[in-house]
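Understanding the architecture of this molecule
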Amino acid sequence: MEYSEVIKHTKKNLKMKKMNKKIGISKHPDRCVSAPVMFRNKLNLTGAKLLSGYLTLLVIIFLLSACNNSAPKYTDTPTSGTVKIAVDETLAPILDSEINTFMAIYKDTKVIAKYEPEAEVFKDLLNDSAAIGITARGLNDNEKAAFKKQVIDPITTKIAIDAIAFIINNENPSGQITFPRMKEILSGKMKTWHDADDQNKLGDIKVVFDNMKSSTTRLLRDSIVGNDKLPANWFAMKNNPEVVDYVAKNKDAIGILGVSWISDAQDSLTVDFLKKVKVVGLTSNNPTDREYYQPYQAYIAMKQYPVCRNIYVINREARTGLGTGFAGYLAGESGQLIIKKMGLMPATQSVRLVHLQPQNIQ
């Protein structure tokens, strides 16, 4: 404060003291308080309250701003944006068709699919590397517990029923095998083709499959082999196309793959595969049934083909984003029609089966 202002301020205080004496302000404020002082104190108290309230408001605004900045900002909706999904590689053909159709319907969407072994699909779901997963089983207890720790309750929806197909070389005469004998082949108890078929002169049976972490391997190991250690005559390839190629070049091999790789008769890749190999017919689980069935849609629907499995979409997205939109599409009419077209059994749509009876021709 400058000197002139100090002088001015001092004169003002002296003037105020003279006025106080005239109106009778006491030197002892605890005994009597003048009206001007009471008014001034009231103003000071009100100002303090306003200042306190203002500071509190600033703190609240700051905290809300911090929360908003730390929360993820989503730009996708059920019908727009980009989403990453994880898919069991045995289901690649059908999911390719589903994704292409979905993106053709909803022009502003991009679904990025990672095709991988079943075990990796669940890892990606748990690590939040994928919004949804398409697999051949639901969540087990350990996976449910892991999601619970993340405070996430995934939604699991059954979308289809497919089958495990067995393929052999075109020159292998054993195109039909009873299901009990197939179990003995897969468990390693039946080691040669002559054991499986008296008329077959081929040598030792080689069982080939896609990879150790695949859903087909897990299903057969759990339901048929009954042992974590696979028999010595099982050989792992890298993927389903390699299984087809190996069987096409080796007469003594039997291959295992998801049926969607050979079920779409209108697909050029399927047509090419079926030129290289043939699909084995199996008897049903009914021991009195002597008919042989291939993994066709009708036989899957009527539960006559013995090695079937359910297909699920598992959605970990705790909001209505593009992952939720795609999961709903798979379970909806459009997605189910593609499943039907691909030769699998849709889970939420009915399939009309027509049974033709041979008639005598006069």
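These numbers come from a predicted model, not from an experiment. (Residues numbered from 1 in each chain as written. Predicted model: local features only at pLDDT ≥ 70, side-chain atom pairs only at ≥ 80, totals over all residues. Heavy atoms only, no water.)

1. Quick word on the overall build of the protein chain
For the protein chain, the helix and strand inventory stands at 13 helices and 12 strands. Sorting the 362 residues of the protein chain into buried and exposed places 40% on the buried side. Of the roughly 21,600 Å² of accessible surface on the protein chain, 55% is carried by carbon and sulfur atoms. (Helix = DSSP H or I, 4+ residues; strand = E, 2+ residues; numbered from the N terminus. Buried < 20%, exposed > 50% of the residue type's maximum accessible area, 1.4 Å probe, protein only. Areas by Shrake-Rupley, 256 points an atom, 1.4 Å probe, with all protein chains shown as cover.)

2. Considering helix 12 (residues 322-331)
In terms of burial, helix 12 is a largely internal element, 7 of the 10 residues being buried. Every buried residue of helix 12 is listed here: Leu322, Gly323, Gly325, Phe326, Ala327, Tyr329 and Leu330.

3. Some thoughts on the packing of aromatic side chains
The final tally for this structure, using the stated rule, is 8 aromatic pairs. Consider the rings of Phe102 and Phe326, whose centres lie 5.1 Å apart with planes at 75°: the pair is edge-to-face. Of the two residues, Phe102 is situated in helix 3 (residues 92-105) and Phe326 in helix 12; the sequence distance between them amounts to 224 residues. Among the residues examined, Phe102 registers a relative accessible area of 1% and is labelled buried. For Phe326, a relative accessible area of 0% gives the class buried. (Phe/Tyr/Trp six-rings, centres within 6.5 Å; stacked < 30°, edge-to-face > 60°.)

4. Brief notes about the pairing of strand 11 (residues 308-315)
Burial runs high along strand 11: 6 of the 8 residues are buried. One ladder, built from 4 bridges, connects strand 3 (residues 132-135) with strand 11; its direction is antiparallel. Of the residues in strand 11, the one forming a bridge with Gly133 is Ile314. Examined bridge by bridge, strand 4 (residues 155-169) and strand 11 share 8 bridges and lie antiparallel to one another. Note that in strand 11 the partner of Ile155 across the bridge is Asn315. (Pairing = 2+ DSSP bridges.)

5. Quick notes on the side chain of Asp88
If you trace the backbone, Asp88 turns up in strand 1 (residues 81-88). Residues within four places of Asp88 in sequence aside, it is in contact with Glu116, Glu118, Val121, Ile134, Thr135, Ala136 and Ser215. (Contact = heavy atoms within 4.5 Å.)

6. Regarding the pattern of salt bridges
If you walk through the whole model with that rule in mind, you get 14 salt bridges. Close ionic contact of Glu118 with Arg218 constitutes a salt bridge, the shortest N to O distance being 2.7 Å. With Glu118 in helix 4 (residues 118-126) and Arg218 in helix 8 (residues 215-225), the pair connects residues that are 100 residues apart, well separated along the chain. For Glu143, the salt bridge is made with Arg137, and the minimal N-O distance between the two is 2.9 Å. Across the pair, exposure class does not vary: Glu143 and Arg137 are buried alike. It is possible to trace a salt-bridge network through shared partners that takes in Glu118, Arg137, Glu143 and Arg218. (Salt bridge = Lys/Arg side-chain N within 4 Å of Asp/Glu carboxyl O.)

7. Description of the pairing of strand 4
For strand 4 and strand 12 (residues 345-346), the ladder comprises 2 bridges, and the chain directions are antiparallel. The partner of Ile161 across the bridge, within strand 12, is Met345. As judged from the 5 bridges shared by strand 4 and strand 8 (residues 253-258), these two strands associate in the antiparallel manner. Note that in strand 8 the partner of Ala165 across the bridge is Leu257. For strand 4 and strand 9 (residues 277-279), the ladder comprises 3 bridges, and the chain directions are antiparallel.

8. Focus: the packing of helix 6 (residues 179-186) against helix 8
Relative orientation of the contacting elements helix 6 and helix 8 amounts to 110°, with a least axis distance of 10 Å. The orientation of helix 6 relative to helix 8 falls into the category roughly perpendicular. Considering the relative orientation of helix 6 and helix 8, their crossing is left-handed. Across the interface between the two elements, Phe179, Lys183 and Leu186 of helix 6 pack against Leu220, Ile224 and Val225 of helix 8. Split by residue class, the contact of helix 6 with helix 8 holds 5 nonpolar, no polar and 1 charged. (Axes fitted to C-alpha atoms, helices over the stretch in contact; angles between N-to-C directions. Parallel < 35°, antiparallel > 145°, perpendicular 65-115°, else oblique. Left-handed = near helix turned anticlockwise from the far one by under 90°. Nonpolar A, V, L, I, M, F, W, Y, C, P; charged D, E, K, R; others polar.)

9. Some thoughts on the environment of Tyr115
In this structure, Tyr115 sits in strand 2 (residues 109-116). What makes Tyr115 partly exposed here is its relative accessible area of 27%. Sequence spacing of Tyr115 and Glu89 is 26 residues, and the spatial spacing of their C-alpha atoms is 4.7 Å. Setting aside residues up to four positions removed in sequence, Tyr115 forms contacts with Val87, Glu89, Ala92, Leu95, Asp96 and Ile99. Separated by 2.6 Å, the side chains of Tyr115 and Asp96 make a polar contact. (Polar contact = N/O pair within 3.5 Å; in protein donor to acceptor, adjacent residues only side chain to side chain.)

10. Thoughts on the nonpolar core
Counting residues in hydrophobic clusters, the biggest one holds 72 residues, and the most contacted among them are Ile134, Phe166 and Phe326. When residues in this core are grouped by element, the largest group, 8 residues, is from strand 4. Ranked by size, the runner-up nonpolar core spans 9 residues in total, among them Phe122, Leu139, Phe147 and Ile314. (Core = buried A, V, L, I, M, F, W, Y, C linked by side-chain atoms within 4.5 Å.)

11. Brief notes about helix 13 (residues 333-341)
Burial in helix 13 covers these residues: Gly335, Gln336, Ile338 and Ile339. Around the axis of helix 13, the buried residues are gathered within 155° of arc, so they sit on the same side. Packing partners of the buried residues in helix 13 comprise helix 3, strand 4, helix 11 (297-301), helix 12 and strand 12. Phi turns positive one or two residues past the end of helix 13, at Gly343, with a value near 95°. (Arc of directions from axis to C-beta.)

These figures capture arrangement, not role.
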